[in-house]
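Summary of the model geometry
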Amino acid sequence: MFEYFRNLDRRWIFLLMLLSVAVPIYVIGKTKETFPETALPLATNVFNEIEALQPGEKVLLAFDYDPGSEGELGPMATAFTYHCSSRGLKLYFMALWPLGRQMIDDNIAKVIEPDFPDMVYGEDYVNLGFKAGNEGVIKVIVTDIKQFYTTDARGTNIEQIPMMEGIKSIQQMDLMLNVSAGYPGTKEWVQYAVTPYPKEIKLVGGCTGVQAPLLYPYIPQQLPGLLAAIKGASEYESLVIKAYPPAEGKEAKYMEAQRRMGPQLVAHVLMVLLIVAGNIIFFIERKRGARA
Amino acid sequence: MKRTIPLLLASIAGFIMIVAYFSPHTESWGEEVAVWFNILAAVAFILGGGNLLKIHLRKVSDRNSGWMYSVITVVSFLVMLFLGLWKFGVNPNPQFPDYGHWAGEYNDSTSPFYWLYEYTFKPLQATIFAMLAFYVASAAFRAFRAKNFEALLLLATAFVVLLGRTAAGVFLTDFIPADGPFAALRLEEMTQYLMNIFNTAGNRAIMIGIALGTASVSLKILLGVDRSYIGSGDD
């Protein structure tokens, strides 16, 4: 028995992981039930920063992620878009990742077009698209956005877009929201936008789980709020849905993070059990070795 | 000349960026350098594409191990490039009707470029990322051992954070009153404490170290002491 577990075929572990994710997805899909969520201070801060803005104020949304991290970051990007649209803010979308532009298009198609049909492109929201250059882009647009953005993502001249009128740099934004999957991302926005202009630029964001520990040193001065991975997104989502309940039948797409907490819970418990099991085997082995 | 000019360019650009940061009068110089940097970054995409073709075509021609994967890479690259640049199936832009599909959006939902992105690239990339969960689970079983005190500390921290980041954390320690004297022992509170105090302190120390190292290396590069970034000069 001991030998069997010691040399356990890793395909059994793969199967357990598959079941630990698939079963909760199925159950949550069937029952529509999610775990109750309590928002912790960092998610509450993100929510409060957006709530503090008045309708018509300007928000820059930088979606720096791609399909690889969409599972983790997509729900928070959707929640940001929904929250800002519900507040009647002016949304300026941009991306430092090549595929970020598609992530922006997805969110516009998912949130703004079906649920906020009164919002007009160019007047209430604009997609500035992707620009190559990583932190180099940030360094320029903090002082002169038109050096880089001569057109929006659709090829329309920036001078012909009503909501770009009078915008010289991103210092004129009332808040910046960043969804970050790595480099370039929140760290670069902190270093090249917030740090040189701490009074003018205010940043909150969301990031992947592996990135979160690296961003904690910037909290709270340079980064007042942070959604750390799907858990942070779930907390934030619960606050947004409570304040702005979606129309009937549209709740599911605004509860993606909360729905994903089920598979996350079972997968994390499985990980803990696997570590415990691995250590029991290790100690038995060591004891036998010592005896021999 | 081949080495001196790049050295000079790097040095001048670097010093301009430093001066621009400290003086508002020279701020526009820094912007100019940053714009040049971004033009170079865009050109790097072409260089990257060329390099990808060079490496993989050589692998195919030499019939190195795994050359079939190189064929797939090259074909995928060329197909996406071709469909994206030629804008096949893109609807014309109503603003510029005279230019036909050329003025349309390259990723229009009617184009094969969009289909390939939406139904091939996107699911494949998400799948590769999702597969990490399986390998991490396997590694957790085989490698995460409490071999010594430090490893034990790491294990305990991992358990607290793993459970604290889920609803299990709340359920398991829900019996501890949230406003009582032992509230700090609730798993979600312990997770916060670990992240805010220990993690922040450790990361700040590392960041300060990295920043000092970066400043020192940057200065060596700007002064031309460290020339390793322009290669050996042999080729």
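So, about the overall build of chain A. From N to C terminus, chain A includes ten helices and six strands. Each principal axis of the C-alpha distribution contributes one length, and for chain A these read about 80 × 45 × 35 Å. Taking all 292 residues of chain A together, the buried fraction comes to 58%. Considering only contacts in chain A between residues 6 or more positions apart, those separated by 24 or more positions represent 76%. Here chain A displays about 12100 Å² of accessible surface, and carbon together with sulfur accounts for 57% of that area. Side-chain charges in chain A split into 28 positive and 32 negative, and the spacing between the mean points of these groups amounts to 9 Å.

Before going further, it helps to examine the packing of helix α10 (residues 256–291) of chain A against helix α5 (residues 132–143) of chain B. Across the interface, α10(A) lies against α5(B) with an axial gap of 7 Å and an inter-helix angle of 30°. Judged on the interaxial angle alone, α5(B) and α10(A) are roughly parallel. Each of A:M271, A:L274, A:I275, A:A277, A:G278 and A:I281 in α10(A) lies in contact with α5(B), whose residues at this interface are B:V136, B:A137, B:A140 and B:F141. Across the contact of α10(A) with α5(B), the residue classes tally to nine nonpolar, one polar and no charged.

Residues and elements named next belong to chain A. Counting buried residues along strand β2 (residues 90–95), five of its six residues qualify, which places the element largely inside the surrounding structure. In terms of strand pairing, strand β1 (residues 58–64) meets β2 through five bridges, oriented parallel. Bridged to V59 within β2 is L91. What joins β1 to β2 is helix α4 (residues 70–86), and the crossover it makes is right-handed. In terms of strand pairing, β2 meets strand β3 (residues 125–130) through four bridges, oriented parallel. Counted as the bridge partner of A95 is F130 from β3. A crossover connection joins β2 to the parallel β3 through helix α5 (residues 100–115); in handedness this β-α-β unit is right-handed.

This part is about the interface of chain A and chain B. Across the contact, 67 residues belong to chain A and 53 residues belong to chain B. For the chain A and chain B pair, buried surface summed over both sides reaches about 5300 Å², with 65% attributable to carbon and sulfur atoms. Counting the surface chain A buries against chain B, the share from its top three residues, A:Y216, A:P217 and A:I275, is 11%. Linking chain A with chain B are two salt bridges. Its salt-bridge partner being A:R101, residue B:E105 comes within 2.3 Å of it at the nearest N-O pair.

Here the focus is the side chain of B:S11. All names here are of chain B. Here S11 shows up in helix α1 (residues 4–22). S11 gets classed as buried once you look at its relative accessible area, which sits at 15%. A polar contact of 2.6 Å, which involves the side chain of S11, links it to the backbone oxygen of L222.

All right, on to the domain arrangement of chain A then. Taken domain by domain, chain A consists of domain 1 (2–32 + 260–291) and domain 2 (41–254). The C-alpha-based centres of domain 1 of chain A and domain 2 of chain A are spaced at 37 Å.

So, about the pattern of salt bridges. Scanning the model with the defined rule gives 18 salt bridges over all chains in all. A:R260 is paired through a salt bridge with A:E256; the nearest N and O atoms lie 2.9 Å apart. One end of the pair is A:R260 and the other is A:E256, both in helix α10 and four residues apart, which spans about a single turn. Classification of A:R260 as partly exposed rests on a relative accessible area of 27%. With a relative accessible area of 18%, A:E256 lands in the buried category. We note a salt bridge from B:E118 to B:K122, for which the minimum N-O separation is 3.3 Å. Taken together, the positions of B:E118 and B:K122, both in helix α4 (residues 112–130) and four residues apart, correspond to about one turn of that helix. The pair B:E118 / B:K122 is uniform in exposure class, with both members buried. Linked through salt bridges whose partners overlap, the residues forming this network are A:E3, A:R6 and A:E285.

Here the focus is the packing of aromatic side chains. If you walk through the whole model with that rule in mind, you get 18 aromatic pairs over all chains. Summarising the aromatic geometry, the rings of A:Y82 and A:F116 are spaced 5.9 Å apart at their centres and angled 55° between planes, so their arrangement reads as tilted. Here A:Y82, found in helix α4, pairs with A:F116, found in the loop between α5 and β3; they are 34 residues apart in sequence, far enough to count as distant. Pair check on accessibility: A:Y82 and A:F116 agree, each one buried. Centroid distance A:F130 to B:F45: 6.4 Å. Interplanar angle 90°. Geometry classified as edge-to-face. You can see A:F130 sitting in strand β3 and its partner B:F45 sitting in helix α2 (residues 27–61), one on each of two chains. Ring pairs connect the aromatic residues A:F14, B:F134 and B:Y135, which therefore count as one cluster. Positioned above the aromatic ring of A:Y121 is the side chain of A:R154, whose terminal nitrogen or guanidinium carbon lies 3.6 Å from the ring centre. For the cation-ring pair, B:R63 lies above B:W67, with the distance from its terminal atom to the ring centre recorded as 4.4 Å.

Time to look at unusual backbone geometry. Omega for the bond connecting A:Y183 with A:P184 falls within 30 degrees of zero, at -10°, which places this linkage in the cis form. Residue position: A:P184 is located in the loop between β4 (175–180) and α7 (186–194). Phi is positive for A:N134, close to 50°, though the residue is something other than glycine. Tracing the backbone shows A:N134 in the loop between β3 and α6 (135–141). Residue A:N134 is classed as partly exposed on the basis of its relative accessible area of 25%. Even without being glycine, B:R63 reaches a positive phi, approximately 55°. Judged by its relative accessible area of 53%, B:R63 is exposed.

Rules of the game
Residues numbered from 1 in each chain as written. Chains lettered and ligands numbered in written order. Predicted model: local features only at pLDDT ≥ 70, side-chain atom pairs only at ≥ 80, totals over all residues. Heavy atoms only, no water. Helix = DSSP H or I, 4+ residues; strand = E, 2+ residues; numbered from the N terminus. Buried < 20%, exposed > 50% of the residue type's maximum accessible area, 1.4 Å probe, protein only. Contact = heavy atoms within 4.5 Å. Areas by Shrake-Rupley, 256 points an atom, 1.4 Å probe, with all protein chains shown as cover. Lys, Arg positive; Asp, Glu negative; His and termini not counted. Charge placed at Lys NZ, Arg CZ, Asp CG, Glu CD. Axes fitted to C-alpha atoms, helices over the stretch in contact; angles between N-to-C directions. Parallel < 35°, antiparallel > 145°, perpendicular 65-115°, else oblique. Nonpolar A, V, L, I, M, F, W, Y, C, P; charged D, E, K, R; others polar. Pairing = 2+ DSSP bridges. Right-handed = clockwise from strand over helix to strand, strands pointing away. Buried area = accessible area lost by both parts, 1.4 Å probe. Salt bridge = Lys/Arg side-chain N within 4 Å of Asp/Glu carboxyl O. Polar contact = N/O pair within 3.5 Å; in protein donor to acceptor, adjacent residues only side chain to side chain. Domains from an automatic or database assignment. Phe/Tyr/Trp six-rings, centres within 6.5 Å; stacked < 30°, edge-to-face > 60°. Lys NZ or Arg CZ within 6 Å of the ring centre and 35° of its normal.

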